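Results of the structural survey
For reference, the chains in residue letters:
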Amino acid sequence: MSAPPTPPSTHREPHLLKFGLKKLFLIVTLASLFCALMVLTHGPWPLVIFFLALLTLAHVLGNMIGTRLRDTSHEIRLWRATDPRQSPDSPLATPQPYELAKLSLPEETNLAGFGRIVSGFRWFLLSGFSVGALLGGTLLAVTIGNRIGWAGWVVGTVSSAVLGTWVAFLGVSFTAIARDALRQAHGKK
């Protein structure tokens, strides 16, 4: 066997913002529509639209830069320069049934069975729903209750209940995963 060939010695910096004329026209069109939308809206909506657009732009730009940097890294260039017959880029999958013990997989962590980590998970979610509905309904009734009807109050209360459930889910999930990760890091089961 011969050693894999080395890549060319010239080190090029990745072109992070390389695009053609079609993409330029698309970017200018989207920017024009964005500016028109900002001018046509009133109140807090221009700020909301601006921050959502900024968040989306940061996400797309971060993924684009990360992908370009990864694809031009030294390790990827070495891997691409090797003989594809010696290191094929195809997953090893068998159509036949297999036994998990023969695959020599790493030991399963507790996070694979997340439902077992949190006892009473449904009760936490129900509590979040109840607290959200109670706080949201009360806050709506106290602040703008005389200006909305029953339908508005019900929709606001249900929305608050859903937000309370969501916050409870995030809090319990984060706490349980962090606690379990710390236990595993310290070697406890």
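In what follows, the accompanying structure is described. (Residues numbered from 1 in each chain as written. Predicted model: local features only at pLDDT ≥ 70, side-chain atom pairs only at ≥ 80, totals over all residues. Heavy atoms only, no water.)

A word on the packing of helix H5 (residues 121-144) against helix H6 (residues 150-185)
Two elements in contact, H5 and H6, have axes separated by 6 Å at closest approach and are oriented at 140°. Between H5 and H6 the crossing geometry is right-handed. Listed contacts from H6 to Phe121, Phe124, Leu125, Gly128, Phe129, Gly132, Ala133, Gly136, Gly137, Leu140 and Ala141 of H5 are Trp153, Gly156, Thr157, Ser160, Ala161, Gly164, Thr165, Ala168, Phe169, Val172 and Ser173. Of the residues belonging to the contact of H5 with H6, the class tally is 12 nonpolar, 10 polar and no charged. (Axes fitted to C-alpha atoms, helices over the stretch in contact; angles between N-to-C directions. Helix = DSSP H or I, 4+ residues; strand = E, 2+ residues; numbered from the N terminus. Left-handed = near helix turned anticlockwise from the far one by under 90°. Contact = heavy atoms within 4.5 Å. Nonpolar A, V, L, I, M, F, W, Y, C, P; charged D, E, K, R; others polar.)

Details of the packing of helix H1 (residues 21-40) against helix H2 (residues 45-71)
Packing of H1 against H2 leaves a shortest axis separation of 8 Å and a crossing angle of 155°. When the axes of H1 and H2 are compared, the pair comes out roughly antiparallel. Handedness of the H1/H2 crossing: right-handed. Two secondary-structure elements touch here, H1 through Phe34, Leu37 and Met38 and H2 through Pro46, Ile49, Phe50 and Ala53. When its residues are assigned to classes, the contact of H1 with H2 shows seven nonpolar, no polar and no charged. (Parallel < 35°, antiparallel > 145°, perpendicular 65-115°, else oblique.)

Brief notes about a nonpolar patch on the surface
Taken together, the side chains of Phe19, Leu21, Leu24, Phe25, Ile27 and Val28 define a hydrophobic patch exposed on the protein surface, amounting to about 590 Å² of accessible area. Following the sequence through the fold, isoleucine 27 ends up in helix H1. (Patch = residues over 30% accessible without salt bridge, like charges linked within 9 Å, V, L, I, M, F, W, Y side chains within 5 Å. Areas by Shrake-Rupley, 256 points an atom, 1.4 Å probe, with all protein chains shown as cover. Salt bridge = Lys/Arg side-chain N within 4 Å of Asp/Glu carboxyl O.)

Brief notes about the packing of aromatic side chains
Applying the stated criterion to the full structure yields three aromatic pairs. Relative to phenylalanine 169, the ring of phenylalanine 121 lies with its centre 5.8 Å away and its plane at 70°, an arrangement referred to as edge-to-face. With a gap of 48 residues between them, phenylalanine 121 in helix H5 and phenylalanine 169 in helix H6 connect regions that are remote in the sequence. Measuring from centroid to centroid gives 5.8 Å for tryptophan 150 and tryptophan 153, while their planes differ by 85°, and the two rings are edge-to-face. Here tryptophan 150 pairs with tryptophan 153, and both are found in helix H6, just three residues apart, close to one helical turn. Since its relative accessible area comes to 69%, tryptophan 150 is described here as exposed. (Phe/Tyr/Trp six-rings, centres within 6.5 Å; stacked < 30°, edge-to-face > 60°. Buried < 20%, exposed > 50% of the residue type's maximum accessible area, 1.4 Å probe, protein only.)

Re the environment of valine 154
Along the chain, valine 154 falls in helix H6. Each C-alpha atom of the pair valine 154 and glycine 136 lies 9.9 Å from the other, and the pair is 18 residues apart in sequence.

Everything listed here is a matter of coordinates, which is why it stays silent on function.
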